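These are the residues of each chain, in order.
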Amino acid sequence: MLYCAPNKKYSDFIIVRDPDKCIDCRVCARQCSYEAHVYDESTGKVFSDDTRCVGCHRCEAFCPSGALLIRQNPSEFRDNAVWKPWFIKNIYKQAETGGVLLTGMGNSYPYPVYWDKMLLDASQVTNPSIDPLREPMELKTYLGSKPDALRIDAGSGEVRLAGGFTPQIAINYPILFSAMSYGSINLNVHKGLARAAEEMGILYNTGEGGLHASLYRYGRNTIVQCASGRFGVHSEYLNAGVAVEIKIGQGAKPGIGGHLPGEKIGPEISRTRMIPIGADALSPAPHHDIYSIEDLRQLIYAIKEATDYKKLVFVKIAAVHNSAAIASGMVRAGADVITLDGFRGGTGAAPTMIRDNVGIPIEMALASVDERLRQEGIRNQASLLVAGGIRCSADVVKAIALGADAVYIGTAALISVGCTVCQRCYTGKCPWGIATNDPFLAKRINPEIAHEKLANLIRAWGHEIQEMLGGMGINAIESLRGNREKLRGIGLNESEMNILGIKHAGA
């Protein structure tokens, strides 16, 4: 007798339905894009399939009678220090499908989060704090290359700068919306990001999917991206924003390219990305015209030439062990802004093993890059942006104290418009209407409401940043930049503190 192995579909969540409260209204069945709730016509009852639940909590949020509760599945495997349930379930999946494990959003492994191991210093008595409600507090940040020295021209009887500056971008808060492409998220979300950026005086990044025709009007608040696939890249696009970002890599998948499945490529995305409808959008791992710093320099200046030297050029890399040396070369190649993306950065789709095992924490990369550029005397020649797991305003303040000029936020921005980080973005079935191009699901995002929530998030973080600056006795964000004396470590070993360049609490 032949033995056939069972199809092991272990659910990570269970749907608890209270029969006394459930009115079989079918709201859960209509709201669940993964069909975890099914209405049985013959019985007039709604049933649940736990194996389809991704833990997005939309059914629970919309249940009018409060009959649903989504819980972690309490069923446990035998304890084993090596073979954790995560690995066992993954092997079951791959044994069934023979495919690569995919995931969305950022790394969820319990690696150390160094933001949580750093504390901010505060002022007391001899260096009094500042009250941001009654005294000026400057959060405005200027991005771009700064001169080594200022030359003053007073010959005409009027004191003015001689020679002028290279192009600068002024933003009202040291926070930008990170690159999220049209296609990975839908147009309604992009509209919300663009409108919020305009209202708050900051920038949003198009990602590598080109720029939809309706969004060109937000050019003063737009960074356009040029990635390895060159999707949607043309002269008008390069001149549409205030800056062009060359994406070499991203934190969620260092060293590999991108993939937007063909089923997500409808007519509008096809037109914007300049690829056929239904064709997979595959970004190569490398830019096939960049194999050295000299090649990168050629592209940087080709873009500057194409934009009449009026646009800043950003270069984005994933945080890896030699980020400091790479960043040094990028600055010398003419980059105006260096973007570092750490391994907790989000994505619409990535191989699970890459996301969870490649790259380094943004805190370590930031500290090493800032220190290297200072040692070489070129820190002023480029601004430094960081991304990858910025969760709150305290993370922003700590990043700036470590050496950043500003931060990108992506996952936090999506959470503000409803994302529950269920990590199934790659399916195109986002129940909150964010990472999907299904017209029925995309309608769940109202651009005006998204704009309001995103603007409120930046506004709230801005107030908190001012309070923290005031508590440190600082009245301008630029006075905090690279000021590591305002940081103290807790629970860190000596090597970690040396890399971060900070002292232990109590020192």
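Residues numbered from 1 in each chain as written. Predicted model: local features only at pLDDT ≥ 70, side-chain atom pairs only at ≥ 80, totals over all residues. Heavy atoms only, no water.

Novice: Looking at this structure, I do not really get the overall build of the protein. What am I missing?
Specialist: A tally of regular secondary structure across the protein gives 15 helices and 23 strands. Since a compact globule built from 507 residues should have a radius of gyration of about 23 Å, the 25 Å found for the protein is in line with a globular shape. Each principal axis of the C-alpha distribution contributes one length, and for the protein these read about 95 × 55 × 50 Å. Summarising the internal contacts of the protein: among those between residues at least 6 apart in sequence, 70% fall at separations of at least 24. If the 54 positive side-chain charges of the protein are averaged to one point and the 52 negative ones to another, these points end up 2 Å apart. (Helix = DSSP H or I, 4+ residues; strand = E, 2+ residues; numbered from the N terminus. Rg over C-alpha atoms; globule rule 2.2 N^0.38 Å. Contact = heavy atoms within 4.5 Å. Lys, Arg positive; Asp, Glu negative; His and termini not counted. Charge placed at Lys NZ, Arg CZ, Asp CG, Glu CD.)

Novice: Looking at this model, I keep getting lost on the pattern of salt bridges. Mind explaining?
Specialist: Pairs may arise between side chains of opposite charge once their charged atoms sit close together. Inspection of every chain in the model, using the stated rule, returns 26 salt bridges. One salt-bridge network, in which partners are shared between bridges, spans Asp370, Arg374, Arg379, Asp405, Arg481 and Arg484. (Salt bridge = Lys/Arg side-chain N within 4 Å of Asp/Glu carboxyl O.)

Novice: Explain the packing of aromatic side chains to me, please; I cannot follow it from the model alone.
Specialist: Think of a pair of aromatic rings as described by two things: how far the centres are apart, and how the planes are tilted against each other in angle. Evaluation of the coordinates by the stated rule reveals four aromatic pairs. Consider the rings of tryptophan 86 and tyrosine 109, whose centres lie 6.4 Å apart with planes at 80°: the pair is edge-to-face. Of this pair, tryptophan 86 sits in helix α3 (residues 85-97) while tyrosine 109 sits in the loop between β5 (102-103) and β6 (118-120), and the two are 23 residues apart along the sequence. Accessibility expressed as a relative area gives 35% for tryptophan 86, which makes it partly exposed. Measuring from ring centre to ring centre gives 5.4 Å for tyrosine 111 and phenylalanine 343, while their planes differ by 40°; the resulting arrangement is tilted. (Phe/Tyr/Trp six-rings, centres within 6.5 Å; stacked < 30°, edge-to-face > 60°. Buried < 20%, exposed > 50% of the residue type's maximum accessible area, 1.4 Å probe, protein only.)

Novice: What am I meant to see in the packing of helix α11 (residues 393-402) against helix α14 (residues 447-471) here?
Specialist: Running from N to C, α11 and α14 cross one another at 55°; their axes reach a closest spacing of 9 Å. Between α11 and α14, the crossing angle belongs to the class labelled oblique. Judged by the twist between their axes, the crossing of α11 over α14 is right-handed. Every residue of α14 that contacts α11 at Ser393, Ala394, Val396 and Val397 is listed here: Trp461, Glu464, Ile465 and Met468. (Axes fitted to C-alpha atoms, helices over the stretch in contact; angles between N-to-C directions. Parallel < 35°, antiparallel > 145°, perpendicular 65-115°, else oblique. Left-handed = near helix turned anticlockwise from the far one by under 90°.)

Novice: Can you help me understand the sheet that holds strand β22 (residues 487-489) in this one?
Specialist: Sheet strands pair by backbone hydrogen bonding; their relative direction is either parallel or antiparallel. Reading across the sheet, the three strands line up as β6-β22-β23 and stay open at both edges, with mixed pairing between neighbours. Either end of the sheet is taken by a strand with one partner, and the two such strands are β6 and β23 (503-504). Relative to β23, β22 runs parallel, the two being bridged by two bridges. Along β23, the bridge assignment pairs arginine 488 with lysine 503. In this fold α11 packs onto β6 and β22, with an angle of close to 95° to the strand it touches most, β6. (Pairing = 2+ DSSP bridges.)

Novice: What exactly am I supposed to notice about the environment of lysine 89 here?
Specialist: Along the chain, lysine 89 falls in helix α3. Not counting residues up to four positions away in its chain, the partners in contact with lysine 89 are Tyr10, Ser11, Asp12 and Phe77.

Novice: Help me understand the environment of alanine 319, please; the structure alone is not making it clear to me.
Specialist: Note on placement: alanine 319 falls in the loop between β17 (312-318) and α8 (323-332). Relative accessible area serves as the criterion here: at 1%, alanine 319 is assigned to the buried category. With residues near it in sequence (within four places) discarded, alanine 319 still touches Asp341, Gly342, Gly359, Ile360, Ile362 and Ala365.

Novice: Looking at this structure, I do not really get α8. What am I missing?
Specialist: An α-helical turn contains 3.6 residues, so a residue and the one three or four places further along point in the same direction. Of all ten residues in α8, seven are buried; the element is thus mostly enclosed. Buried-residue contacts for α8 involve α7 (293-306), β17, β18 (337-341) and α10 (362-375). Directly beyond the C-terminal end of α8, a positive phi value near 110° is found at glycine 334.

Novice: Would you take a moment to explain the domain arrangement of the protein for this structure?
Specialist: It is common to give the size of an interface as the accessible area lost on bringing the parts into contact. Split by domain assignment, the protein resolves into domain 1 (6-99) and domain 2 (141-149 + 166-504). Here the C-alpha centre of domain 2 lies 34 Å away from the C-alpha centre of domain 1. In this assembly, domain 1 and domain 2 are joined by zero salt bridges. The interface formed by domain 1 and domain 2 contains eight residue pairs in polar contact (both at pLDDT 80 or more). Counting only elements with at least two residues in the side of domain 1 that touches domain 2, the list comes to α1 (27-31), α2 (58-62) and α3. Among the elements that line the side of domain 1 that touches domain 2, the one with the most residues is α2, at three residues. Considering only residue class, the side of domain 1 that touches domain 2 consists of six nonpolar, five polar and three charged. (Domains from an automatic or database assignment. Polar contact = N/O pair within 3.5 Å; in protein donor to acceptor, adjacent residues only side chain to side chain. Nonpolar A, V, L, I, M, F, W, Y, C, P; charged D, E, K, R; others polar.)

Novice: Teacher, can you tell me more about the pairing of strand β14 (residues 243-247) here?
Specialist: Along any regular strand, the residues point their side chains to alternate faces of the sheet. Of all the five residues making up β14, five are buried; the element is thus mostly covered by neighbouring parts of the structure. Pairing of strand β13 (residues 222-226) with β14, which is carried by four bridges, proceeds in the parallel orientation. Considered in β14, the bridge of valine 224 is made with valine 244. Here β14 runs beside β17; their pairing, made up of five bridges, is parallel. Looking across to β17, one finds that lysine 247 is bridged to lysine 316.

Novice: Would you explain a nonpolar patch on the surface in this entry?
Specialist: Where nonpolar side chains cluster on the molecular surface, the patch consists of Val82, Trp83, Trp86, Phe87, Ile91 and Met353 and spans about 590 Å² of accessible area. If one sorts the elements of the nonpolar patch by residue count, α3 sits on top with three residues. Within the fold, isoleucine 91 resides in helix α3. (Patch = residues over 30% accessible without salt bridge, like charges linked within 9 Å, V, L, I, M, F, W, Y side chains within 5 Å. Areas by Shrake-Rupley, 256 points an atom, 1.4 Å probe, with all protein chains shown as cover.)

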